[in-house]
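Structure at a glance
Residues per chain are reported as follows:
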Amino acid sequence: MRVRVDGEERIAEEGQTVAAVLLAAGRDSWRTTRFGGRPRGLFCGIGVCFDCLVVVNGVPDVRACLRPVAEGDDIRSQDGAEVPS
Ligand code: FES
C-alpha cells in the first residue's frame, strides 16, 4: 500500500505499524520533546512510554508502535506532545 512520510511516498506492507514504516524509511526519530526539542522515536515498542508520538492524517499523538498503517496514510513528524489519551 502507498503511504506518505513527511510528504515522501513510501510503500508499506499490510500489518506493518507506523513505527515499522518509519524505521524502514531510515528514521530513528520523528518527534521532538516539548522542552528542549530533543529527538524521540521508538523506545518501548509496546505502547507504554509514549515516546513514539506522531501525526497521522492530521491527528497528533498517535503511538506509532501500535497503529497499523492504512492505505493513503499521511504520516508526519510531531513537535512536542499533547496530553496522552
Ligand atoms: S515506543 Fe513506547 S509507546 Fe510507542
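Refer to the preceding data block for the structure.
A brief look at the structure comes next.

Parameters at a glance
Going along each chain's sequence as written, the residues are numbered from 1 onward. Owing to the predicted nature of the model, reporting of local features is limited to residues with pLDDT of at least 70; listing and counting of side-chain atom pairs is limited to 80 or more, with chain, interface and lining totals taken over all residues. Heavy atoms from the whole structure form the basis of all side-chain values; hydrogens and water molecules are not counted. We count a stretch as a helix when DSSP gives it H or I for four or more residues in a row; a strand needs E for two or more, and each element gets its number in order from the N terminus. In this treatment the radius of gyration is a C-alpha quantity, and the globule benchmark scales as 2.2 Å times the residue count to the 0.38 power. Working rule for contacts: check all heavy atoms of both residues, and any pair within 4.5 Å makes them a contact. Computed with the Shrake-Rupley method and a 1.4 Å probe, the accessible areas treat only the protein chains shown as cover for residues. Note on charges: Lys and Arg go in the positive column, Asp and Glu in the negative column, and His and the chain ends are not counted at all. Lys charges are placed at NZ, Arg charges at CZ, Asp charges at CG and Glu charges at CD. Two strands qualify as a pair provided DSSP detects at least 2 bridges between them. Criterion for a salt bridge: a side-chain nitrogen of Lys or Arg within 4 Å of a carboxyl oxygen of Asp or Glu. A simple rule labels every residue: compare its accessible area, found with a 1.4 Å probe on the protein chains alone, to the largest value its type can have, and call it buried under 20%, exposed over 50%, or partly exposed in between. Think of each axis as a best-fit line through the C-alpha atoms, taken over the contacting stretch in the case of a helix, with angles from 0 to 180 degrees between the N-to-C directions.

Each helix and strand counted, the protein chain has one helix and eight strands in total. N-terminal to C-terminal, the α/β element order of the protein chain is β-β-α-β-β-β-β-β-β. The C-alpha atoms of the protein chain give a radius of gyration of 12 Å, which matches the 12 Å a tight globule of 85 residues would have. Considering only residue pairs separated by 6 or more positions, the protein chain has 40% of its internal contacts joining residues 24 or more positions apart. Of the roughly 4900 Å² that the protein chain leaves accessible, carbon and sulfur atoms contribute 51%. The protein chain carries 11 positive and 13 negative side-chain charges, and their two centres are separated by 5 Å.

Turning our eyes to something else, we now look at the sheet that holds strand E8 (residues 78-79). Pairing is mixed in the open sheet, where three strands are placed in the order E4-E3-E8. Of all strands in the sheet, those with a lone pairing partner are strand E4 (39-40) and E8, marking the two edges. Across two bridges, strand E3 (residues 31-32) lies against E4 in antiparallel orientation. Counted as the bridge partner of Thr32 is Pro39 from E4.

So, on to the pattern of salt bridges. Note that side chains of opposite charge can pair when their charged atoms are close. All chains considered together, the criterion is met by eight salt bridges. Salt-bridge contacts for Glu8 lead to Arg10; the nearest nitrogen and oxygen are separated by 3.6 Å. We note a salt bridge from Arg31 to Asp51, for which the minimum N-O separation is 3.5 Å. With Arg31 in strand E3 and Asp51 in the loop between E4 and strand E5 (53-56), the pair connects residues that are 20 residues apart, well separated along the chain. Summarising the burial analysis for this pair, Arg31 and Asp51 share the class buried. Here the salt bridges do not stand alone but share partners, grouping Arg2, Arg4 and Glu9 into one network.

Let us now look at the pairing of strand E1 (residues 2-5). Residues Val3 and Val5 point to one face of E1 and are all buried, whereas Arg2 and Arg4, pointing to the other face, are not buried. The hairpin turn running from E1 into strand E2 (residues 8-11), its antiparallel successor, is two residues long, and Asp6 in that turn takes a positive phi close to 45 degrees.

Turning our eyes to something else, we now look at the sheet that holds strand E7 (residues 74-76). Strands sit in the order E2-E1-E7-E5-E6 across an open sheet of five strands; the sheet is mixed. Of all strands in the sheet, those bounded by a partner on one side alone are E2 and strand E6 (59-63). Taking the axes of each pair of neighbouring strands and ignoring which way they run, one obtains an average angle of 40 degrees across the sheet. Note: E1 against E2, four bridges, orientation antiparallel. Directly across from Arg4, in E2, lies its bridge partner Glu9.

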